[in-house]
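Remarks on the overall topology
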Amino acid sequence: MRDGCTELELDNGLRAILAEDRTMPVVTVAVRYGAGARHESHSGQAHLLEHLMFQGSRHVAPGEHVRLVESLGGRANARTSMDSTYYAQTLPKDGLELALWLEGERMGTFLDTAGQDRLDAQRKVVVNERLETIDNIPYGTAEELLLAHLFPPGHPYHHHPVGTRKGIETISLDDLTAFFARFYTPRNAVVAVVGDFPATAAAKWVKKYLGQIPAAIPPSRPPPEPAISATGVRRLEVTGRVPCKLFLGHRVAPAGTPAFDTARVTCALLGHGRGGLLWRRLAHDRDLVTDLRLRLTPLVGGASLGIAEITPRPGVTPAAVGEAYQEELAAFSSDDRDLVTDLRRATTRLESGWAARLETTGGRAEELTWHALLTGAAAHTSRLLPRLREVTAADVRRCAAEWAEAAGRVVLTYQTRSP
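Residues numbered from 1 in each chain as written. Predicted model: local features only at pLDDT ≥ 70, side-chain atom pairs only at ≥ 80, totals over all residues. Heavy atoms only, no water.

Compared with the 28 Å implied by 1.5 Å per residue over 20 residues, the 26 Å span of helix 4 (residues 116–135) between its first and last C-alpha is a close match. Listing the buried residues of helix 4 in full gives Leu119, Gln122, Arg123, Val126, Val127, Arg130 and Ile134. Projected down its long axis, helix 4 carries its buried residues within an arc of 155 degrees, all on one side. Exposed side chains of helix 4 directed beyond 90 degrees from the buried face belong to Asp117, Lys124 and Glu132. (Helix = DSSP H or I, 4+ residues; strand = E, 2+ residues; numbered from the N terminus. Expected span 1.5 Å × (residues − 1). Buried < 20%, exposed > 50% of the residue type's maximum accessible area, 1.4 Å probe, protein only. Arc of directions from axis to C-beta.)

Before going further, it helps to examine the packing of aromatic side chains. Here the structure, examined in full by the defined rule, presents 11 aromatic pairs. Geometrically, the ring pair formed by Phe247 and Tyr414 is edge-to-face, given 5.6 Å between the ring centres and 75 degrees between the ring planes. With Phe247 in strand 8 (residues 245–252) and Tyr414 in strand 11 (residues 410–416), this pair connects stretches of sequence that are 167 residues apart. Taken as a pair, Phe247 and Tyr414 share a single burial class, namely buried. (Phe/Tyr/Trp six-rings, centres within 6.5 Å; stacked < 30°, edge-to-face > 60°.)

When we look at burial in helix 7 (residues 173–183), the residues that qualify are Leu173, Leu176, Phe179, Phe180 and Phe183. Along the axis of helix 7, the buried residues cluster in a sector spanning 130 degrees; they form a single face. Buried positions along helix 7 lie against strand 3 (26–33), helix 1 (45–52), helix 3 (96–113) and helix 4. (Contact = heavy atoms within 4.5 Å.)

Glancing now at the layout of surface pockets. By volume, the largest pocket amounts to about 1,200 Å³. Contributing to the lining of the largest pocket are 48 residues, with Arg264, Leu296, Thr297, Pro298 and Glu367 lying nearest its centre. If you tally residues by element for the lining of the largest pocket, the top one is helix 9 (residues 258–271), at six residues. Across the lining of the largest pocket, the residue classes tally to 20 nonpolar, 13 polar and 15 charged. (1 Å grid on protein atoms, 1.4 Å probe; cavity = no way out; pocket = protein on both sides within 12 Å on 5 of 7 lines; lining within 4 Å. Points joined across faces, edges and corners; volume = space filled by probe spheres on them. Nonpolar A, V, L, I, M, F, W, Y, C, P; charged D, E, K, R; others polar.)

With that settled, the discussion passes to the packing of helix 3 against helix 8 (residues 199–210). Any two packed helices are characterised by the angle at which their axes cross and by the distance between the axes. Put simply, helix 3 and helix 8 touch, their axes get as near as 8 Å, and they point 25 degrees apart. When the axis of helix 3 is compared with that of helix 8, the two are roughly parallel. By crossing handedness, the relation of helix 3 to helix 8 is classed as right-handed. Contacts between helix 3 and helix 8 involve Leu96, Glu97, Leu100, Trp101, Glu103, Gly104 and Met107 from the first element and Ala202, Trp205, Val206, Lys208, Tyr209 and Leu210 from the second. Here the contact of helix 3 with helix 8 is composed, by residue class, of nine nonpolar, one polar and three charged. (Axes fitted to C-alpha atoms, helices over the stretch in contact; angles between N-to-C directions. Parallel < 35°, antiparallel > 145°, perpendicular 65-115°, else oblique. Left-handed = near helix turned anticlockwise from the far one by under 90°.)

Attention shifts here to the nonpolar core. One recurring pattern in soluble globular proteins is that nonpolar side chains are buried together. Ranked by size, the top nonpolar core spans 60 residues in total, and within it Leu270, Leu294 and Tyr325 carry the most contacts. Counting residues per element, this core draws most heavily on helix 9, at seven residues. What Leu270 contacts, discounting residues up to four positions off in sequence, is Gly276, Leu277, Leu278, Trp279, Leu292, Leu294, Leu329, Phe332 and Ala400. Counting residues in each nonpolar core, the second largest holds 45 residues, with Val27, Ala35, Phe183 and Phe197 among its members. (Core = buried A, V, L, I, M, F, W, Y, C linked by side-chain atoms within 4.5 Å.)

So, about unusual backbone geometry. Phi at Tyr139 takes a positive value of approximately 65 degrees, unusual for a residue other than glycine. Relative to the elements of secondary structure, Tyr139 occurs in the loop between helix 4 and helix 5 (142–150). Residue class for Tyr139 comes out buried when judged on its relative accessible area of 16%. Positive phi outside glycine occurs at Asp287, with the angle close to 55 degrees. Position of Asp287 relative to the elements: it lies in the loop between helix 10 (277–285) and strand 9 (289–297). Overall, the relative accessible area of 42% leaves Asp287 in the partly exposed class.

We now examine the sheet that holds strand 11. Spatially, five strands are ordered 7-11-8-10-9 in an open sheet, and the strand pairing comes out mixed. The open sheet terminates on both sides in strands that have one partner only, identified here as strand 7 (234–240) and strand 9. Averaged over all adjacent pairs, the angle separating strand axes in this sheet is 15 degrees, with direction ignored. Sheet topology note: the strand 8/strand 10 (residues 304–312) ladder contains seven bridges and is antiparallel. If you follow Gly249 over to strand 10, its bridge partner there is Ile307. Lying on the sheet, helix 5 is in contact with strand 7, strand 8, strand 9, strand 10 and strand 11; it crosses strand 11 at an angle near 145 degrees. (Pairing = 2+ DSSP bridges.)

In structure tokens:
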């Protein structure tokens with residue numbers, strides 16, 4: 001049986017969310033910092049620091065954070081995104097105090113032990129990660145290229161969170177410690193405890209291990225973002241030993257807004273693989289593609305990222321597919337047929353995925369910290385489904401019409417290299 005959330009604000013400015021869930025004897029402790037790729041002055045800074053945060057603090061040896069969590073049968077992970085960096089560990093409920101102590105240790109004493117040898121070791125790990133997740137896999141550079149051309153140089157979203165190879169290799173220890181000192185402060189963080197735990201003890205341990213860390217000065221507001229041109233279509237082509245595929249990128253509304261909720265429903269209705277209306281038109285009716293999916297990357301700084309990933313049928317040119325895609329978006333936006341059934345299917349699909357995410361302590365902690373830090377309130381987590389149900393057919397058609405206009409779109413084509 002789930003109970004509600006209790007929210008605390010400690011004297012040092014740290015916000016804490018305690019969400020009891022007695023359905024499983026586990027607990028997730030998560031901390032999210034407002035320190036993502038958009039905040040860095042050097043490409044790859046936030047992500048490389050994420051790796052270093054597992055390499056020891058005053059009372060924790062390198063790698064011991066993960067070993068301690070795993071020794072209890074738990075798991076620890078972290079993720080750097082555009083807008084934040086997220087750390088979490090899920091472990092048996094008896095490990096709650098340990099997890100809070102570990103998070104307090106690295107927030108409060110990481111700088112005591114940060115050294116060049118640890119930086120050099122993690123730099124190699126991150127370079128290899130880039131090779132494995134971007135450079136050496138089919139279509140791995142797609143999102144990086146779309147970001148670079150949808151957002152101009154100097155824009156916080158111009159580069160990928162993993163960082164460039166050159167950026168990763170040239171970050172100094174001073175760069176990272178300055179980034180930590182500026183952004184890894186209690187006033188710039190949210191901690192969540194989700195699972196089966198005694199609320200009184202959890203609040204006491206949060207205050208004990210995280211409440212004594214100095215408040216520090218909150219980060220200053222970032223400078224205004226560069227203006228983005230919304231005219232024209234940019235076309236890019238990459239050749240390689242991969243089957244032909246198109247990635248059509250465009251900017252959509254910022255996450256946490258009604259317009260982004262509409263974009264989510266529009267993606268679910270039009271581009272959920274074989275269940276989407278666009279797939280039916282382009283694959284089934286017109287026999288032009290073998291796969292089509294629409295997806296969103298939620299961002300809060302002015303615009304999010306929308307991507308259509310399309311695989312042309314052999315013998316069909318990418319140009320023909322791109323033109324047909326735009327035609328079908330325009331046709332859908334002006335069609336007046338009843339969408340009640342399709343809308344219900346789309347929202348049901350989204351509701352199912354959202355419910356499954358919140359069924360886990362890890363998924364719930366991730367969403368609570370994300371909304372608390374980035375959209376203004378942890379309570380927005382529980383308001384998502386009602387907002388999605390409010391999206392109308394007219395809303396979806398307006399969204400599709402905006403995408404069909406192609407203003408500012410980037411069309412990225414991967415072509416098979418000729419032998």
